[in-house]
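Results of the structural survey
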Amino acid sequence: MGVLPVDWTHGPNPLTPEERERGERLGLLLREARRGRSMVEVAASAGLSAETLRKIETGRAPTPAFFTVAALALTLGLSMDEIAASCSPVTV
């Protein structure tokens, strides 16, 4: 019996379409909240690498850690409620 390969990019379970969509909404919110500030400046202020922020903003890291989101919220003047509302599932 062979072992099936596992894609560990996002852990043992692949992301659902809803998780991907939520990550895209988070990325859009963060890009808009930067308001012309450079990615490097915002990342440094939040204690992150610019690469990490880039991945979050482009949806390549759609499920960032809570404290990462909290640091970005503080840096960008967003409330956690604003972030939660913008990333909630869209209902029709």
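As the structure is a prediction and not an experimental result, all values here were calculated from the model.

Scoring rules and cut-offs
Here the residue numbers are simple positions, counted from 1 along each chain's written sequence. For a predicted model such as this one, the threshold for reporting local features is a pLDDT of at least 70, and the threshold for listing and counting side-chain atom pairs is 80 or more; totals across whole chains, interfaces and linings nevertheless cover every residue. Based on all heavy atoms of the structure, the side-chain values leave hydrogens and waters out of the count. Patch criteria: residues need more than 30% relative accessible area and no salt bridge. Like-charged residues are merged within 9 Å; nonpolar side chains of Val, Leu, Ile, Met, Phe, Trp and Tyr are merged within 5 Å. Note on areas: Shrake-Rupley, 1.4 Å probe, and residue coverage restricted to the protein chains presented here. For salt bridges, the criterion is a side-chain nitrogen of Lys or Arg within 4 Å of an Asp or Glu carboxyl oxygen. Under the scheme used here, helices are H or I runs from DSSP no shorter than 4 residues and strands are E runs no shorter than 2 residues, and both carry numbers assigned from the N terminus. Relative accessible area decides the class of each residue, using a 1.4 Å probe on protein chains only: under 20% of the type maximum gives buried, over 50% gives exposed, and in between gives partly exposed. Take the buried Ala, Val, Leu, Ile, Met, Phe, Trp, Tyr and Cys residues and link them wherever side-chain atoms come within 4.5 Å; each set so joined is a nonpolar core. Contact criterion: two residues are considered in contact whenever any of their non-hydrogen atoms come within 4.5 Å of each other. The arc in question is formed by the directions pointing from the helix axis toward the C-beta atoms. To obtain an axis, a line is fitted to C-alpha atoms, over the contacting stretch when the element is a helix, and the angle between two such axes runs from 0 to 180 degrees between their N-to-C directions. Oblique is the label for any angle not covered by the other classes, which are roughly parallel (under 35 degrees), roughly antiparallel (over 145) and roughly perpendicular (65 to 115). By definition, turning the near helix anticlockwise from the far helix through less than a right angle yields a left-handed crossing, and turning it clockwise yields a right-handed one. Residue polarity is assigned by list, with Asp, Glu, Lys and Arg as charged and Ala, Val, Leu, Ile, Met, Phe, Trp, Tyr, Cys and Pro as nonpolar; anything else, Gly included, falls into the polar class. Between N or O atoms, a polar contact is any pair within 3.5 Å; within protein, one atom must be a potential hydrogen donor and the other a potential acceptor, and residues adjacent in sequence are included only when both atoms are from side chains. A residue's pLDDT is the predictor's confidence in that residue, given on a scale from 0 to 100.

**Let's talk about a nonpolar patch on the surface**
- A cluster of nonpolar side chains, F66, F67 and M80, forms an exposed patch at the surface whose accessible area comes to about 360 Å².
- One can find M80 in helix 5 (residues 80-87).
- By relative accessible area, which is 32% here, M80 ends up partly exposed.

**Thoughts on the nonpolar core**
- Grouped together as the largest cluster of nonpolar side chains are 17 residues, with contacts concentrated most on L26, L30, L53, L72, L76, L78 and I83.
- Here I83 is in contact with L26, L29, V69, A73 and L78, once residues within four sequence places are set aside.

**Thoughts on helix 3 (residues 50-57)**
- Within the span of helix 3, buried status applies to L53, I56 and E57. Buried positions in helix 3, seen along its axis, are confined to an arc of 95° and lie on one side of it.
- G59 sits one or two positions beyond helix 3 and adopts a positive phi of about 85°.

**A word on the packing of helix 1 (residues 17-34) against helix 4 (residues 66-76)**
- One can describe the packing of helix 1 onto helix 4 by two numbers: an axis separation of 10 Å at closest approach and a directional angle of 30°. In terms of orientation, helix 1 and helix 4 fall into the roughly parallel class. By crossing handedness, the relation of helix 1 to helix 4 is classed as left-handed. Where helix 1 approaches helix 4, its residues L26, L30, A33 and R34 are matched on the opposing element by V69, L72 and L76.
- The class makeup of the residues in the contact of helix 1 with helix 4 is six nonpolar, no polar and one charged.

**Let's talk about the environment of T52**
- Position of T52 among the secondary structure elements: in helix 3.
- Owing to a relative accessible area of 32%, T52 belongs among the partly exposed residues under this scheme.
- Separated by 13 residues in the primary sequence, T52 and M39 place their C-alpha atoms 10.0 Å from one another.

**Quick word on the side chain of T75**
- Topologically, T75 is positioned in helix 4.
- Taking the relative accessible area as the measure of exposure, T75 reaches 17% and is therefore buried.
- Looking at T75, its side chain comes within polar contact range of the main-chain oxygen of A71, at 3.0 Å.
- Those residues in contact with T75, other than ones at most four positions away along the chain, are R37, V42, S45 and A46.

**Brief notes about the confidence of the model for the protein**
- Put simply, the protein has an average pLDDT of 86, and 84% of its residues get 70 or more.
- Taken element by element, the predicted model of the protein shows its lowest mean pLDDT in helix 5 (92) and its highest in helix 2 (residues 39-46) (97).
- Here residues 4-8 is a poorly scored stretch, pLDDT under 50, and it has one contact once near neighbours within four places are set aside; other chains count.

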